[in-house]
Amino acid sequence: MSIKQNLLNIKSALPEHVTLVAVSKTKPISDLMEAYDAGQRIFGENKIQEMTEKWEAMPKDIEWHMIGHVQTNKVKFMAPFVSLIHGVDGLKLLEEINKQAQKNDRIIDCLFQIHIAEEETKFGLNEKELNEILYSATFHEMKNIRIVGLMGMATFTDNQEQIKKEFTHLKTIFDTTNQLLTSNFQLLTLSMGMSGDYKLAIECGSTMVRIGSSIFGNR
Ligand SMILES: *Cc1c(COP(=O)(O)O)cnc(C)c1O
């Protein structure tokens, strides 16, 4: 099926409160333009350089989401234009995002990535680390970032019960963390679910799905 048809099929099946991020990493601009022409305006990339090149070449009404692991020294390249950074997993990184956002006279929206998978290899904060950040003075003083939600990736497995358990865990953290009264923190977005597990993620409370291969084909 065509990219356009894949996209329309997925979109028509998503509940209204769920936002679709079309994950276009490794794909050529012609593929992204096909999705753009079919109405898609939110794209997710996992490498800052690749995202920046695509941003330069493509229409400027696109929202670019950084969904990959972020290296602190590369934040400056995306700070002028990125609209949501999904993978924030430490205070140092957040401080750099805040600094670069300030230089660009912007407020950059971010999600905290939470480690929910069994696999050690996946990135993310555990609950203790999350709370340490939330209750730190450094965090409260940051004026050029806004934490608007949480992101997580489930274990790569066929075991639906396992995936469900992990998504439900993240939803619980999402529901119980949202009581801080600071201006830079309000959890609205729960980013969970990819091509293989987004339906389950939505059942578990996801409000934002990151779908690549089901739209653009295998990488
Ligand atoms: C690649 C990627 C996706 C999309 O994966 P698909 O299985 O192709 O849908 C989603 N989230 C993150 C963080 C990714 O790196």
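The rules behind these values
- Residues numbered from 1 in each chain as written.
- Predicted model: local features only at pLDDT ≥ 70, side-chain atom pairs only at ≥ 80, totals over all residues.
- Heavy atoms only, no water.
- UniProt positions renumbered as here; feature names shortened; annotations may be inferred.
- Helix = DSSP H or I, 4+ residues; strand = E, 2+ residues; numbered from the N terminus.
- Rg over C-alpha atoms; globule rule 2.2 N^0.38 Å.
- Buried < 20%, exposed > 50% of the residue type's maximum accessible area, 1.4 Å probe, protein only.
- Contact = heavy atoms within 4.5 Å.
- Core = buried A, V, L, I, M, F, W, Y, C linked by side-chain atoms within 4.5 Å.
- Phe/Tyr/Trp six-rings, centres within 6.5 Å; stacked < 30°, edge-to-face > 60°.
- Lys NZ or Arg CZ within 6 Å of the ring centre and 35° of its normal.

- You'll find the protein chain entered in an unreviewed UniProt entry as Pyridoxal phosphate homeostasis protein, with Flavobacterium luteum given as the organism.
- In UniProt, the protein chain has this text filed under Sequence similarities (unreviewed entry): "Belongs to the pyridoxal phosphate-binding protein YggS/PROSC family."

### Observations regarding the overall build of the protein chain
Item 1. Scanning the protein chain for helices and strands turns up 10 helices and eight strands.
Item 2. Here the protein chain has a C-alpha radius of gyration of 17 Å; the compact-globule value for 219 residues is 17 Å, and the two agree.
Item 3. Taking the principal axes of the C-alpha coordinates as reference, the protein chain spans close to 50 × 40 × 30 Å.
Item 4. Here the protein chain holds 219 residues, and 52% of them are scored as buried.
Item 5. When contacts within the protein chain are restricted to residue pairs at least 6 apart in sequence, long-range pairs at least 24 apart make up 60% of them.

### Some thoughts on the nonpolar core
Item 1. Counting residues in each nonpolar core, the largest one holds 63 residues, and the members touching the most others are Ile85 and Phe112.
Item 2. If you look at the next biggest cluster of nonpolar residues, it comprises seven residues, including Val21, Leu84, Val148 and Met151.

### Here's the deal with the packing of aromatic side chains
Item 1. Within this structure, the stated rule accounts for four aromatic pairs.
Item 2. The interplanar angle of 5° and the centroid separation of 4.2 Å between the aromatic rings of Trp55 and Phe81 together place this pair among those described as stacked. Taken as a pair, Trp55 in helix H3 (residues 48–57) and Phe81 in the loop between helix H4 (75–78) and strand S4 (84–88) lie far apart in primary sequence, 26 residues in all.
Item 3. Classification of Trp55 as partly exposed rests on a relative accessible area of 24%.
Item 4. Ring geometry for Phe139 against Phe185: centres 6.2 Å apart, planes inclined by 85°, an arrangement best described as edge-to-face. Note that Phe139 is positioned in helix H7 (residues 137–141) and Phe185 in strand S7 (residues 185–191), a separation of 46 residues in sequence.
Item 5. On the basis of relative accessible area, Phe139 is assigned to the buried category, the value being 0%.
Item 6. Here the aromatic residues Phe112, Phe139 and Phe185 are joined through ring pairs into a cluster of three or more.
Item 7. Directly above the aromatic system of Tyr36 lies the positively charged group of Arg41, at a separation of 3.6 Å from the ring centroid.
Item 8. The aromatic ring of Trp55 is capped on one face by Lys60, whose charged end is 5.6 Å from the ring centroid.

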